[in-house]
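If you want the building blocks of each chain, they are given just below.
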Amino acid sequence: MERSRIARLAAVALIGVLAACAKSNSTASESASPSSPAIAQNGAAANDGAKVYTQNCSSCHQPNGKGVAGTFPPLAGNPTVTGDSTAVIHIVRYGLSGSISVAGTSYNGMMPAWGQSLSNADIASVVTYIRSAWGNKAGAVTESQVAGVSQ
Ligand code: HEC
């Protein structure tokens, strides 16, 4: 007797969960479709780059690109970032360690390689972003440029 009572309770609980799922699914689809804003094609790369930056880079280099003096170099106003695009792609794709000097401050840290966790398209958009954000003015890079930079 006890056993079947437990089974019945379990069945009731399961039905409850299923009903809750069905309900939340239908409200989600009702609210998702009608008003999603159209994404402007031209701005897509820079928008994606800002997102990739916020999710992967800003914890060290800071949201304003100014870094942390002596620990994480600034990307804003940094001539390496706005210089040769191949060099910037290489740093982001394969990482960087060893002593560098940026704006008169020395850094001797280690940045991990991003090539395993970010796609070539993500790297292209984040490099495009850091080369054009915070007053930086350098050209965009493409996914095929990223693919062409090897270790
Ligand atoms: C865990 C902290 C950390 C994260 C996260 C991080 N970096 Fe770095 N980054 C560093 C450090 C430290 C250096 C300097 C390494 C050295 O001293 O050799 C650096 C250097 C750089 C440089 C070279 C700067 C120069 O003057 O040579 C670029 C470009 C760069 N990072 C871009 C990025 C991008 C883009 C991302 C996100 C995809 C990112 N970093 C995420 C810590 C980080």
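Provided above is the structure to which this section pertains.
Read on for an overview of the structure. Sequence order as written defines residue numbering, which begins from 1 separately in each chain. Only residues with pLDDT of at least 70 get local features here, since the model is predicted, and only at 80 or more are side-chain atom pairs given and counted; chain-wide, interface and lining totals rely on the full set of residues. Side-chain measures were taken over the full set of non-hydrogen atoms in the model, leaving aside hydrogen atoms and water.

Further remarks concern the environment of R93. Here a strand is any run of E in DSSP of at least two residues, a helix any run of H or I of at least four, and the numbering for each starts at the N terminus. Within the secondary structure, R93 is located in helix α5 (residues 85-94). Relative accessibility decides the category of a residue: with a 1.4 Å probe and only protein chains considered, values under 20% of the type maximum give buried, values over 50% give exposed, and everything between is partly exposed. On the accessibility criterion, R93 (17% relative accessible area) is buried. For the pair R93 and P112, spaced 19 residues apart in sequence, the C-alpha to C-alpha distance is 8.9 Å. We call two residues contacting when some pair of their heavy atoms lies within 4.5 Å. Setting aside residues up to four positions removed in sequence, R93 forms contacts with A113, W114, G115, N120, I123, V146, A147 and V149. We define a polar contact as two N or O atoms separated by no more than 3.5 Å, with the added condition that, inside protein, one atom must be a possible hydrogen donor and the other a possible acceptor, whereas residues neighbouring each other in sequence contribute only through side-chain atom pairs. A polar contact is formed between the side chain of R93 and the backbone oxygen of V146, at a distance of 2.8 Å.

Our next topic: the environment of V127. Note on placement: V127 falls in helix α6 (residues 120-132). Along the backbone, V127 and Y53 are 74 residues apart, and their C-alpha atoms lie at a distance of 8.9 Å. Residues contacting V127, with those up to four places away along its chain left out, are V88, I89, V92 and V141.

This paragraph deals with the site of the ligand. Not every one of the 24 residues close to the ligand is listed here, only the nearest: C57, C60, H61, G98 and M111. The separation between a nitrogen atom of the ligand and a polar side-chain atom of H61 is 2.8 Å. Cavity and pocket criteria rest on a 1 Å grid covering protein atoms alone: a 1.4 Å probe that fits but cannot get out defines a cavity, protein on both sides within 12 Å along at least 5 of 7 lines defines an open pocket, and an atom within 4 Å of a point defines a lining residue. Put plainly, a molecule is in a cavity or pocket when over half of its atoms are within 2 Å of the grid points there. In a pocket analysis with a 2 Å cut-off to the grid points, the ligand is assigned to the largest pocket. Only α3 (58-61), α5, β1 (96-102) and β2 (105-111) provide two or more residues apiece to the shell around the ligand. Residue polarity is assigned by list, with Asp, Glu, Lys and Arg as charged and Ala, Val, Leu, Ile, Met, Phe, Trp, Tyr, Cys and Pro as nonpolar; anything else, Gly included, falls into the polar class. For the shell around the ligand, the per-class residue count stands at 15 nonpolar, 9 polar and no charged. Here a residue is near a molecule or strand as soon as one of its heavy atoms is found within 4 Å of it.

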